[in-house]
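Structural overview for review
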Amino acid sequence: MSCPICEKRKPNRFCPAKGETICAICCGTGREVTIDCPPDCPHLAAAHRYEDEHPRALPPETPLLDVNLPSDVIHTQQQLMAAFAFTIAKFCASQPDATDPDVLTAMQALAETYKTLRSGIYYEKPPDARLSASYTPPSPASSPK
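For the structure given in this document, a descriptive report is provided here. These numbers were taken from a predicted model, which means no experiment stands behind them.

Procedures and definitions
Once a new chain begins, its residue numbering starts again from 1 and follows that chain's sequence as written. In view of the model being predicted, local features appear only for residues whose pLDDT reaches at least 70, and side-chain atom pairs are presented and counted only at 80 or more, with totals across whole chains, interfaces and linings using the full set of residues. Side-chain numbers come from the whole structure's heavy atoms, not from hydrogens or water. Buried Ala, Val, Leu, Ile, Met, Phe, Trp, Tyr and Cys residues that are joined via side-chain atoms within 4.5 Å together make up what is termed a nonpolar core. In this scheme, a residue with accessible area under 20% of its type's maximum is buried, one over 50% is exposed, and one in between is partly exposed, where area comes from a 1.4 Å probe on protein chains only. Contacts: residue pairs with any heavy atoms within 4.5 Å of one another. Patches in this entry comprise residues that are over 30% relatively accessible and not in a salt bridge; like charges within 9 Å are linked, as are nonpolar side chains (Val, Leu, Ile, Met, Phe, Trp, Tyr) within 5 Å. Computed by Shrake-Rupley with a 1.4 Å probe, the accessible areas treat only the displayed protein chains as cover when residues are assessed. A side-chain nitrogen of Lys or Arg and a carboxyl oxygen of Asp or Glu constitute a salt bridge if their distance falls within 4 Å. Only four residue types enter the tally: Lys and Arg on the positive side, Asp and Glu on the negative side, with His and both chain ends excluded. Throughout, a charge is located at the NZ atom of Lys, the CZ atom of Arg, the CG atom of Asp or the CD atom of Glu. Counting from the N terminus, the helices are DSSP H or I runs at least four residues long and the strands are E runs at least two residues long.

**Brief notes about the nonpolar core**
Within the largest apolar cluster, 11 residues are counted, these being C3, C6, C15, I22, C23, C26, C27, I35, C37, C41 and L44. Not counting residues up to four positions away in its chain, the partners in contact with I35 are I5, C15, A17, K18, I22, C26 and G30.

**Looking at a negative patch on the surface**
A surface patch of negative charge is lined by E32, D36, E51, D52 and E53. Looking at where D52 falls in the secondary structure, it is placed in helix α2 (residues 42–53). Among the residues examined, D52 registers a relative accessible area of 64% and is labelled exposed.

**As for the environment of R31**
Among the secondary structure elements, R31 is positioned in the loop between α1 (24–30) and α2. With relative accessibility at 18%, the residue R31 sits in the buried group. C-alpha separation for the pair R31 and A47, spaced 16 residues apart in sequence, amounts to 9.2 Å.

Right under this line is the structure:
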């Protein structure tokens, strides 16, 4: 008998999401990527525990590495974060050519604008990417209330 996912290795751990036994390699590589793991999966819990105990350093070229947000910003600013995510999703849906680097470029430009604004200088730095530079957000007056 072989793993139902890769059909190569011997299955040795039960996967609650699949309802069958799969190999450890498929479990590890598919976990929360191609396998919709339930929160009570013991292998998922063990993986999260391991990640918490062994944090990896981010590469120095990681975008926005110098930006520090309070750890509770997601909870205290839920509506703002949801609106930000929705705006990105809406933009990407309307711009089929949009890529992750385009979105990242726009986010970096927004971060730079607000960093400059915090210093007391009013200066907007538009993004360099053609997609993000061509997007004009709807005016607040046209937004539904």
